[in-house]
Amino acid sequence: MSHVPDLTLAGGSTIPQLGFGTYQIEPADAVQTVTTALEIGYRHIDTAQMYENEAEVGEAVEHLRSEVFLTSKLNNGFHRPDDARRAFDETLRKLRTDRVDLFLIHWPLPTEYDGDYVSTWRTLGEFVADGRATAIGVSNFQVAHLQRLAEETGLLPAVNQIEVHPYFGNEEVRAYGREHGIVTEAWSPIAQGAVLDDPAVLQIASDVERTPAQVVLRWHVQRGDVVFPKSSTPSRMQENFDLFDVELDDAQMQALTALDRGPSGRIGPDPDTFDYVPG
Ligand code: NDP
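Description of the structure in this document. (Residues numbered from 1 in each chain as written. Predicted model: local features only at pLDDT ≥ 70, side-chain atom pairs only at ≥ 80, totals over all residues. Heavy atoms only, no water.)

## Describing unusual backbone geometry
Leaving glycine out, the prevailing phi sign among residues is negative, and the prevailing peptide bond configuration is trans. Despite not being glycine, Ala 191 shows a phi value in the positive range, around 55°. Note on placement: Ala 191 falls in the loop between strand E9 (183-187) and helix H7 (199-208). Within the chain, Gln 192 stands out as a residue other than glycine whose phi angle is a positive 55°. Note that Gln 192 resides in the loop between E9 and H7. (Helix = DSSP H or I, 4+ residues; strand = E, 2+ residues; numbered from the N terminus.)

Here it is, written out as C-alpha coordinates:
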(Lines give C-alpha, C1' and ligand atoms only; values in the text may rest on other atoms or scores of the structure.)
Protein backbone atom coordinates (compact mmCIF):
# COMPACT_ATOMS: atom_id res chain seq x y z
CA MET A 1 0.00 0.00 0.00
CA SER A 2 1.35 3.39 -0.98
CA HIS A 3 2.36 5.64 1.90
CA VAL A 4 0.52 8.97 1.91
CA PRO A 5 2.38 11.77 3.74
CA ASP A 6 0.62 13.99 6.25
CA LEU A 7 0.75 17.79 6.20
CA THR A 8 0.35 19.78 9.41
CA LEU A 9 -2.44 22.33 9.60
CA ALA A 10 -2.36 25.55 11.63
CA GLY A 11 -3.74 24.43 14.97
CA GLY A 12 -1.59 21.29 14.94
CA SER A 13 -3.77 18.58 13.39
CA THR A 14 -2.55 16.64 10.38
CA ILE A 15 -4.14 15.96 7.01
CA PRO A 16 -3.24 13.20 4.51
CA GLN A 17 -1.93 14.98 1.43
CA LEU A 18 -3.90 12.67 -0.87
CA GLY A 19 -7.59 12.02 -0.41
CA PHE A 20 -10.67 10.99 -2.34
CA GLY A 21 -13.13 13.53 -3.81
CA THR A 22 -16.86 12.80 -3.92
CA TYR A 23 -18.32 15.57 -6.07
CA GLN A 24 -20.75 14.13 -8.66
CA ILE A 25 -20.85 10.71 -6.99
CA GLU A 26 -24.55 9.94 -6.95
CA PRO A 27 -26.03 9.01 -3.57
CA ALA A 28 -27.06 5.60 -4.98
CA ASP A 29 -23.42 4.81 -5.81
CA ALA A 30 -21.65 6.60 -2.98
CA VAL A 31 -21.56 3.84 -0.32
CA GLN A 32 -19.99 1.38 -2.76
CA THR A 33 -17.59 3.90 -4.31
CA VAL A 34 -16.32 5.25 -0.98
CA THR A 35 -16.02 1.69 0.34
CA THR A 36 -13.81 0.82 -2.63
CA ALA A 37 -11.69 3.93 -1.98
CA LEU A 38 -11.21 2.87 1.65
CA GLU A 39 -10.26 -0.66 0.53
CA ILE A 40 -7.61 0.80 -1.79
CA GLY A 41 -6.23 2.70 1.18
CA TYR A 42 -7.61 6.24 0.98
CA ARG A 43 -7.97 7.68 4.49
CA HIS A 44 -9.15 11.18 3.60
CA ILE A 45 -12.60 11.82 2.12
CA ASP A 46 -13.80 15.19 0.82
CA THR A 47 -17.56 15.73 0.72
CA ALA A 48 -19.93 18.70 1.00
CA GLN A 49 -23.53 19.46 1.88
CA MET A 50 -23.94 20.48 -1.78
CA TYR A 51 -22.94 17.01 -3.04
CA GLU A 52 -25.96 15.42 -1.30
CA ASN A 53 -23.97 12.31 -0.44
CA GLU A 54 -22.93 13.01 3.16
CA ALA A 55 -25.25 10.30 4.52
CA GLU A 56 -23.73 7.69 2.19
CA VAL A 57 -20.18 8.84 2.95
CA GLY A 58 -21.02 8.56 6.65
CA GLU A 59 -22.34 5.03 6.18
CA ALA A 60 -19.23 3.91 4.30
CA VAL A 61 -16.77 5.51 6.72
CA GLU A 62 -18.44 4.69 10.03
CA HIS A 63 -16.51 1.49 10.78
CA LEU A 64 -13.18 3.23 10.12
CA ARG A 65 -14.09 6.66 11.45
CA SER A 66 -11.08 7.03 13.75
CA GLU A 67 -8.68 6.36 10.85
CA VAL A 68 -10.30 8.65 8.28
CA PHE A 69 -9.84 12.40 7.80
CA LEU A 70 -13.31 13.69 6.98
CA THR A 71 -14.06 17.08 5.38
CA SER A 72 -17.41 18.65 4.64
CA LYS A 73 -18.51 22.12 3.53
CA LEU A 74 -21.29 24.56 4.32
CA ASN A 75 -23.81 24.92 1.51
CA ASN A 76 -24.38 28.30 -0.11
CA GLY A 77 -27.88 28.76 1.32
CA PHE A 78 -26.69 28.55 4.93
CA HIS A 79 -24.33 31.48 5.42
CA ARG A 80 -26.40 33.20 8.10
CA PRO A 81 -25.09 32.13 11.52
CA ASP A 82 -28.23 30.32 12.72
CA ASP A 83 -28.54 28.49 9.40
CA ALA A 84 -24.86 27.54 9.54
CA ARG A 85 -25.30 26.11 13.04
CA ARG A 86 -28.32 24.04 11.97
CA ALA A 87 -26.59 22.87 8.78
CA PHE A 88 -23.49 21.84 10.70
CA ASP A 89 -25.60 19.78 13.15
CA GLU A 90 -27.13 18.07 10.14
CA THR A 91 -23.71 17.35 8.60
CA LEU A 92 -22.57 15.59 11.79
CA ARG A 93 -25.80 13.58 11.93
CA LYS A 94 -25.50 12.48 8.30
CA LEU A 95 -21.82 11.67 8.60
CA ARG A 96 -22.58 9.58 11.73
CA THR A 97 -19.93 11.32 13.75
CA ASP A 98 -19.65 13.81 16.59
CA ARG A 99 -16.67 15.60 14.99
CA VAL A 100 -15.37 16.42 11.53
CA ASP A 101 -11.67 16.87 10.87
CA LEU A 102 -12.28 19.89 8.66
CA PHE A 103 -15.29 22.07 7.87
CA LEU A 104 -15.20 24.72 5.14
CA ILE A 105 -17.26 27.63 3.84
CA HIS A 106 -17.83 26.28 0.32
CA TRP A 107 -17.99 29.63 -1.54
CA PRO A 108 -17.48 33.23 -0.36
CA LEU A 109 -20.52 34.56 -2.31
CA PRO A 110 -19.25 38.16 -2.09
CA THR A 111 -22.28 39.50 -3.96
CA GLU A 112 -24.78 37.75 -1.64
CA TYR A 113 -25.65 38.20 2.05
CA ASP A 114 -24.67 41.90 1.78
CA GLY A 115 -21.12 40.68 1.19
CA ASP A 116 -20.95 39.22 4.70
CA TYR A 117 -18.95 36.01 4.83
CA VAL A 118 -17.25 37.23 8.01
CA SER A 119 -20.08 36.37 10.40
CA THR A 120 -20.26 32.95 8.72
CA TRP A 121 -16.55 32.49 9.37
CA ARG A 122 -16.95 33.50 13.04
CA THR A 123 -19.72 30.92 13.35
CA LEU A 124 -17.42 28.16 12.11
CA GLY A 125 -15.07 29.22 14.91
CA GLU A 126 -17.74 28.11 17.40
CA PHE A 127 -17.48 24.55 16.05
CA VAL A 128 -13.77 24.44 16.83
CA ALA A 129 -14.38 25.93 20.28
CA ASP A 130 -16.94 23.25 21.14
CA GLY A 131 -14.77 20.44 19.77
CA ARG A 132 -17.04 19.41 16.91
CA ALA A 133 -14.59 20.53 14.18
CA THR A 134 -10.90 19.85 14.60
CA ALA A 135 -10.04 22.47 11.98
CA ILE A 136 -11.95 24.97 9.86
CA GLY A 137 -11.21 26.61 6.58
CA VAL A 138 -12.64 28.08 3.43
CA SER A 139 -13.01 27.21 -0.22
CA ASN A 140 -12.84 29.41 -3.29
CA PHE A 141 -11.66 32.43 -1.29
CA GLN A 142 -9.66 35.01 -3.20
CA VAL A 143 -6.80 37.00 -1.66
CA ALA A 144 -9.09 39.96 -0.83
CA HIS A 145 -11.51 37.64 0.97
CA LEU A 146 -8.70 36.08 3.02
CA GLN A 147 -7.31 39.49 3.90
CA ARG A 148 -10.72 40.57 5.14
CA LEU A 149 -11.04 37.51 7.38
CA ALA A 150 -7.61 38.25 8.82
CA GLU A 151 -8.36 41.94 9.42
CA GLU A 152 -11.83 41.53 10.87
CA THR A 153 -11.43 38.33 12.90
CA GLY A 154 -7.70 37.72 13.33
CA LEU A 155 -8.47 34.07 12.60
CA LEU A 156 -7.00 32.61 9.42
CA PRO A 157 -8.40 29.48 7.76
CA ALA A 158 -6.37 26.28 8.12
CA VAL A 159 -6.96 25.52 4.44
CA ASN A 160 -8.27 27.19 1.30
CA GLN A 161 -9.71 24.70 -1.19
CA ILE A 162 -9.42 26.26 -4.66
CA GLU A 163 -9.35 25.30 -8.31
CA VAL A 164 -5.77 24.40 -9.29
CA HIS A 165 -4.47 22.29 -12.17
CA PRO A 166 -1.84 22.79 -14.87
CA TYR A 167 -4.19 24.92 -17.00
CA PHE A 168 -5.07 27.16 -14.02
CA GLY A 169 -2.21 27.55 -11.54
CA ASN A 170 -4.10 30.06 -9.31
CA GLU A 171 -0.69 31.23 -8.15
CA GLU A 172 -1.64 34.48 -6.45
CA VAL A 173 -4.02 32.72 -4.05
CA ARG A 174 -1.56 29.87 -3.47
CA ALA A 175 1.20 32.36 -2.68
CA TYR A 176 -0.97 34.14 -0.10
CA GLY A 177 -1.62 30.76 1.50
CA ARG A 178 2.08 29.90 1.59
CA GLU A 179 2.91 33.23 3.24
CA HIS A 180 0.19 32.90 5.88
CA GLY A 181 0.30 29.22 6.82
CA ILE A 182 -2.87 28.31 4.92
CA VAL A 183 -2.64 24.91 3.22
CA THR A 184 -3.89 24.93 -0.37
CA GLU A 185 -6.20 22.12 -1.40
CA ALA A 186 -6.36 21.81 -5.20
CA TRP A 187 -9.83 20.96 -6.48
CA SER A 188 -10.39 19.39 -9.90
CA PRO A 189 -6.66 18.52 -9.82
CA ILE A 190 -6.76 16.86 -13.26
CA ALA A 191 -9.23 19.47 -14.57
CA GLN A 192 -11.86 16.71 -14.72
CA GLY A 193 -9.68 15.00 -17.32
CA ALA A 194 -9.11 18.01 -19.59
CA VAL A 195 -5.33 18.13 -19.05
CA LEU A 196 -4.70 14.43 -19.59
CA ASP A 197 -4.20 14.54 -23.35
CA ASP A 198 -1.99 17.62 -23.35
CA PRO A 199 1.18 16.83 -25.36
CA ALA A 200 3.46 18.02 -22.52
CA VAL A 201 1.66 15.78 -20.03
CA LEU A 202 1.81 12.82 -22.43
CA GLN A 203 5.53 13.35 -23.03
CA ILE A 204 6.36 13.41 -19.31
CA ALA A 205 4.11 10.39 -18.70
CA SER A 206 6.04 8.49 -21.36
CA ASP A 207 9.40 9.62 -19.89
CA VAL A 208 8.61 8.50 -16.33
CA GLU A 209 6.53 5.48 -17.39
CA ARG A 210 3.45 6.62 -15.49
CA THR A 211 -0.06 7.56 -16.61
CA PRO A 212 -0.97 11.18 -17.44
CA ALA A 213 -3.18 11.39 -14.32
CA GLN A 214 -0.35 10.18 -12.10
CA VAL A 215 2.01 12.75 -13.58
CA VAL A 216 -0.39 15.63 -12.97
CA LEU A 217 -1.29 14.48 -9.46
CA ARG A 218 2.40 14.03 -8.65
CA TRP A 219 3.03 17.63 -9.81
CA HIS A 220 0.48 18.84 -7.24
CA VAL A 221 2.02 16.73 -4.48
CA GLN A 222 5.54 18.02 -5.18
CA ARG A 223 4.20 21.60 -5.06
CA GLY A 224 2.96 20.87 -1.55
CA ASP A 225 -0.79 21.06 -2.16
CA VAL A 226 -3.42 18.61 -0.93
CA VAL A 227 -5.32 16.72 -3.67
CA PHE A 228 -8.39 14.49 -3.73
CA PRO A 229 -9.07 13.29 -7.28
CA LYS A 230 -12.52 11.84 -7.89
CA SER A 231 -13.09 8.66 -9.80
CA SER A 232 -15.90 6.15 -9.88
CA THR A 233 -13.65 3.66 -11.71
CA PRO A 234 -11.78 1.30 -9.33
CA SER A 235 -8.72 0.97 -11.61
CA ARG A 236 -8.40 4.78 -11.79
CA MET A 237 -8.93 5.09 -8.04
CA GLN A 238 -5.99 2.73 -7.58
CA GLU A 239 -3.90 4.56 -10.20
CA ASN A 240 -4.55 7.93 -8.55
CA PHE A 241 -3.44 6.52 -5.19
CA ASP A 242 -0.05 5.31 -6.43
CA LEU A 243 1.93 8.54 -6.52
CA PHE A 244 4.62 8.14 -3.92
CA ASP A 245 7.26 6.08 -5.68
CA VAL A 246 7.88 8.46 -8.56
CA GLU A 247 9.60 11.86 -8.64
CA LEU A 248 9.36 14.54 -11.34
CA ASP A 249 12.56 16.48 -11.95
CA ASP A 250 12.75 20.28 -12.05
CA ALA A 251 12.38 20.49 -15.82
CA GLN A 252 9.30 18.26 -15.74
CA MET A 253 7.77 20.29 -12.91
CA GLN A 254 8.43 23.54 -14.80
CA ALA A 255 7.00 22.17 -18.05
CA LEU A 256 3.72 21.40 -16.29
CA THR A 257 3.65 24.74 -14.47
CA ALA A 258 4.21 26.49 -17.83
CA LEU A 259 0.86 25.15 -19.12
CA ASP A 260 -0.93 27.80 -16.99
CA ARG A 261 -3.45 29.72 -19.11
CA GLY A 262 -4.32 32.26 -16.43
CA PRO A 263 -8.00 33.00 -15.73
CA SER A 264 -9.07 31.54 -19.09
CA GLY A 265 -7.81 28.17 -17.85
CA ARG A 266 -10.55 27.94 -15.19
CA ILE A 267 -13.03 25.12 -15.66
CA GLY A 268 -15.19 26.25 -12.72
CA PRO A 269 -16.88 29.52 -11.75
CA ASP A 270 -15.05 32.72 -10.80
CA PRO A 271 -15.42 33.08 -7.00
CA ASP A 272 -15.71 36.89 -7.29
CA THR A 273 -18.96 36.59 -9.24
CA PHE A 274 -20.32 33.14 -8.38
CA ASP A 275 -23.67 33.71 -6.66
CA TYR A 276 -25.49 30.39 -6.76
CA VAL A 277 -27.70 30.02 -3.70
CA PRO A 278 -30.16 27.09 -3.79
CA GLY A 279 -33.76 28.39 -3.70
P1 NDP B 1 -11.08 15.71 -10.97
O2 NDP B 1 -10.06 16.66 -11.52
O3 NDP B 1 -10.75 14.90 -9.77
O4 NDP B 1 -11.52 14.74 -12.17
C5 NDP B 1 -12.55 13.80 -12.06
C6 NDP B 1 -12.85 13.26 -13.47
O7 NDP B 1 -11.66 12.69 -14.03
C8 NDP B 1 -13.90 12.19 -13.50
O9 NDP B 1 -14.63 12.37 -14.71
C10 NDP B 1 -13.12 10.90 -13.56
O11 NDP B 1 -13.83 9.91 -14.29
C12 NDP B 1 -11.87 11.31 -14.31
N13 NDP B 1 -10.67 10.58 -13.85
C14 NDP B 1 -10.30 10.40 -12.55
N15 NDP B 1 -9.14 9.74 -12.48
C16 NDP B 1 -8.77 9.49 -13.75
C17 NDP B 1 -7.65 8.83 -14.33
N18 NDP B 1 -6.71 8.28 -13.56
N19 NDP B 1 -7.58 8.78 -15.69
C20 NDP B 1 -8.53 9.33 -16.46
N21 NDP B 1 -9.60 9.98 -15.97
C22 NDP B 1 -9.72 10.05 -14.63
O23 NDP B 1 -12.42 16.56 -10.75
P24 NDP B 1 -13.40 16.90 -9.56
O25 NDP B 1 -14.15 18.09 -10.02
O26 NDP B 1 -14.19 15.74 -9.12
O27 NDP B 1 -12.45 17.38 -8.36
C28 NDP B 1 -11.97 16.51 -7.33
C29 NDP B 1 -12.66 16.82 -6.02
O30 NDP B 1 -12.44 18.19 -5.65
C31 NDP B 1 -14.19 16.71 -6.06
O32 NDP B 1 -14.65 15.40 -6.12
C33 NDP B 1 -14.54 17.48 -4.82
O34 NDP B 1 -14.32 16.68 -3.68
C35 NDP B 1 -13.56 18.64 -4.90
N36 NDP B 1 -14.15 19.83 -5.58
C37 NDP B 1 -14.37 20.95 -4.81
C38 NDP B 1 -14.92 22.09 -5.38
C39 NDP B 1 -15.14 23.27 -4.51
O40 NDP B 1 -15.78 24.25 -4.96
N41 NDP B 1 -14.66 23.29 -3.29
C42 NDP B 1 -15.29 22.16 -6.79
C43 NDP B 1 -14.98 20.95 -7.53
C44 NDP B 1 -14.41 19.85 -6.93
P45 NDP B 1 -14.49 8.58 -13.63
O46 NDP B 1 -15.14 9.00 -12.34
O47 NDP B 1 -15.49 8.18 -14.68
O48 NDP B 1 -13.40 7.57 -13.44
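## Side note on helix H1 (residues 27-40)
With 14 residues, H1 should reach 20 Å at 1.5 Å per residue; the first-to-last C-alpha distance of 20 Å fits that figure. Along H1, the positions that sit buried rather than exposed are Ala 30, Thr 33, Val 34, Thr 36, Ala 37, Leu 38 and Ile 40. Contacts made by the buried residues of H1 are with strand E3 (20-21), strand E4 (44-46), helix H2 (54-61) and helix H9 (234-241). Just downstream of H1 lies Gly 41, where phi reads positive at about 130°. (Expected span 1.5 Å × (residues − 1). Buried < 20%, exposed > 50% of the residue type's maximum accessible area, 1.4 Å probe, protein only. Contact = heavy atoms within 4.5 Å.)

## Description of the pattern of salt bridges
A side chain with one charge may pair with a side chain of the opposite charge, provided their charged atoms come close. One pass over the full model with this rule turns up 18 salt bridges. Here Arg 96 and Glu 59 are joined by a salt bridge, their closest N and O atoms 3.9 Å apart. On the criterion of sequence distance, the pair formed by Arg 96 in the loop between helix H3 (81-94) and strand E6 (100-105) and Glu 59 in helix H2 is long-range, its members being 37 residues apart. Notably, a salt bridge pairs Asp 83 with Arg 86, separated by 2.7 Å at the nearest N-O pair. You can see Asp 83 and its partner Arg 86 sitting in helix H3, 3 residues apart, about one turn around the helix. Its relative accessible area of 52% is what places Arg 86 among the exposed residues. Through salt bridges with shared partners, a single ionic network connects Glu 171, Arg 174, Arg 178 and Asp 225. (Salt bridge = Lys/Arg side-chain N within 4 Å of Asp/Glu carboxyl O.)

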